[in-house]
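Coordinate inspection notes
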Amino acid sequence: MGSVTITKRGEQRVRNGHPWIYKSDVVATDAAGGDLVAVVDPRGQRAGYALYSDRSEIALRMFSRAAAPPDLSLWRERLRQACAFRTSLGLDATACRLVHGEADLLPGLVVDRYGDYLVLQALAQTTDRMLPEITALLVELIAPAGILARNDPRVRLLEGLEQRVEVLYGTVPETIEVREGPIVYAVDPYHGQKTGLFLDQRENRIAAARYAHGRVLDAFSYHGGFALTLAPVSREVVAVDISEAAVERIRANAARNGITNVEARAMNVFDELRELERRGDRFDTIVLDPPAFAKNKAAIPKALSGYKEINLRALKLLSPGGFLITCSCSYNVSEAAFAEVIAAAAIDAHADVTVVEKRMQGRDHPVLMTVPETFYLKCFILRKLS
Ligand code: SAH
């Protein structure tokens, strides 16, 4: 087994529970990219075992701090525990995340379940190299009908890995039908965003349905997750997404579920909010679920002004007594920073606003306590008093 020697600062990070050690904290390497290596501290003592990348800024992802080197049975056990946890949640859905990387102690690996199929992503050199073993373990543990690797996210380029989509096991159809509560969705696992659906919003959609009423605006709708969940408790829903393909999906999903009060518009939300305000339109419930505006630290100031603008306009469009369900999935924007932006928007909108619920990503996307970045999805359910 190869080894990588780290600095005192790197060792400190490991001790503080952060699984990542940056390239700048590596002092010597006797290993190849993609190896599972022994991590050695500056005094020559073994600090544990990690996944090593020779390309990424994240050189090491800690895997185990035990004395003995990890073997396949540890991978098997972690996969088993991750799946067992999801089963224990008793989710009323046929799609969910089974493995959420670092937060399941399986760094650089994502596995989502869509009915009888699995869609996975290997986001580190080691998990990419281990795909044959990981596939065999998943087949043994879950017996899926097929496993698709959606290895096309851009972060793979940082690892020096190519972007490719391939079937690793069995067959995977172009369209998979899954159910979330009473709503059935058609999922395209080969081309859909992320692995097909935004599974992390499941519980927030259910929560939103507790308050939604009257006329609803679902902004950044994608395939209509919020729109379709809220339609049965609302008079009418306007769903807005910039992507024509997404809007087609919303219409098809509405038809599939016999929902007739959803109108889907292919529009830029920034323009549409301005236009709705100009026309004096009003809504009783508004959902804002934009893509991550801050993809890196440099983008934070611009992201905050984007969040401010859409929240300000939404609060103006909202009737008194109405609810705003507002989300940020930028891991670079903390919950506190997001709350500040919303407060500033409320002041500018001359609105009295209360926080009804503070929410986050679904329970199948756990947050690792020592890694604040894993708390990426923030969701406030707000009530406009006046
Ligand atoms: N609410 C969805 C997930 C939204 S993901 C759900 O519950 O499943 C973000 C969506 O915003 C994507 O579908 C993307 O196409 C859309 N989008 C990005 N920028 C946009 C813009 N300026 N105007 C409208 N839609 C936009």
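Every chain is numbered independently, its residues counted from 1 as its sequence is written. Local features in this predicted model are restricted to residues whose pLDDT is 70 or higher, and side-chain atom pairs enter the listing and the counts only when it is 80 or higher, whereas totals over whole chains, interfaces and linings include all residues. Only hydrogens and water are removed before side-chain values are computed, so all heavy atoms of the structure are retained for them.

**Remarks on the pattern of salt bridges**
We count it as follows: What counts as a salt bridge is simple: a side-chain nitrogen of Lys or Arg found within 4 Å of a carboxyl oxygen of Asp or Glu. Strands are runs of DSSP state E lasting at least two residues, helices are runs of H or I lasting at least four, and both sets are numbered from the N terminus onward. Working definition: with a 1.4 Å probe on protein chains only, accessible area under 20% of the residue-type maximum means buried, over 50% means exposed, and in between means partly exposed.
Counted by the stated rule, this structure contains 41 salt bridges. For arginine 97, the salt bridge goes to aspartate 112, with nearest N and O atoms at 2.7 Å. Placement of the pair is arginine 97 in strand β7 (residues 95–100) and aspartate 112 in strand β8 (residues 109–114), with a sequence separation of 15 residues. Neither arginine 97 nor aspartate 112 differs from the other in exposure class; each is buried. Residue glutamate 275 is joined to arginine 278 by a salt bridge in which the shortest nitrogen-to-oxygen separation is 2.8 Å. Within this pair, glutamate 275 and its partner arginine 278 are both found in helix α9 (residues 269–278), separated by 3 residues, close to a single helical turn. Via salt bridges that share partners, Arg215, Glu236, Glu275, Arg278, Arg279 and Asp281 belong to a single interconnected network.

**Describing the packing of helix α2 (residues 72–89) against helix α4 (residues 131–142)**
To be explicit about the condition: Axis lines are fitted through C-alpha atoms, for helices just across the contact stretch, and the angle between N-to-C directions can take any value from 0 to 180 degrees. Note that the term roughly parallel is reserved for angles under 35 degrees, roughly antiparallel for angles over 145, roughly perpendicular for angles of 65 to 115, and oblique for everything else. By the definition used in this description, the sense in which the near helix is turned from the far one sets the handedness, with an anticlockwise turn below a right angle giving left-handed and a clockwise turn giving right-handed. Contacts were defined at the residue level, with two residues in contact if any of their heavy atoms lie within 4.5 Å.
Interaxial distance between α2 and α4 falls to 10 Å at its minimum, and their mutual angle equals 45°. For the element pair α2 / α4, the angle class is oblique. α2 and α4 meet at a crossing whose hand is right-handed. Of α4, the residues touching α2 (which contributes Leu72, Trp75, Arg76, Leu79, Arg80 and Cys83) are Glu133, Ile134, Leu137, Leu138, Glu140, Leu141 and Ile142.

**Details of the sheet that holds β8**
This is how the line gets drawn: Whether two strands pair comes down to DSSP finding at least two bridges between them.
With respect to topology, 5 strands assemble into an open sheet ordered β7-β8-β9-β10-β11, the strand pairing being mixed. Taken across any chain shown, the strands that pair with only one partner, and hence form the sheet edges, are β7 and β11 (164–170). Going from strand to strand, the sheet's axes swing by 20° on average, the running direction of each strand aside. As defined by bridge partners, strand β9 (residues 117–122) adjoins strand β10 (residues 146–151) across 4 bridges and the pair is classed as parallel. The residue bridging tyrosine 117 from the neighbouring strand is glycine 146, located in β10. Running at roughly 145° to β7, α2 makes contact with β7 and β8 of the sheet.

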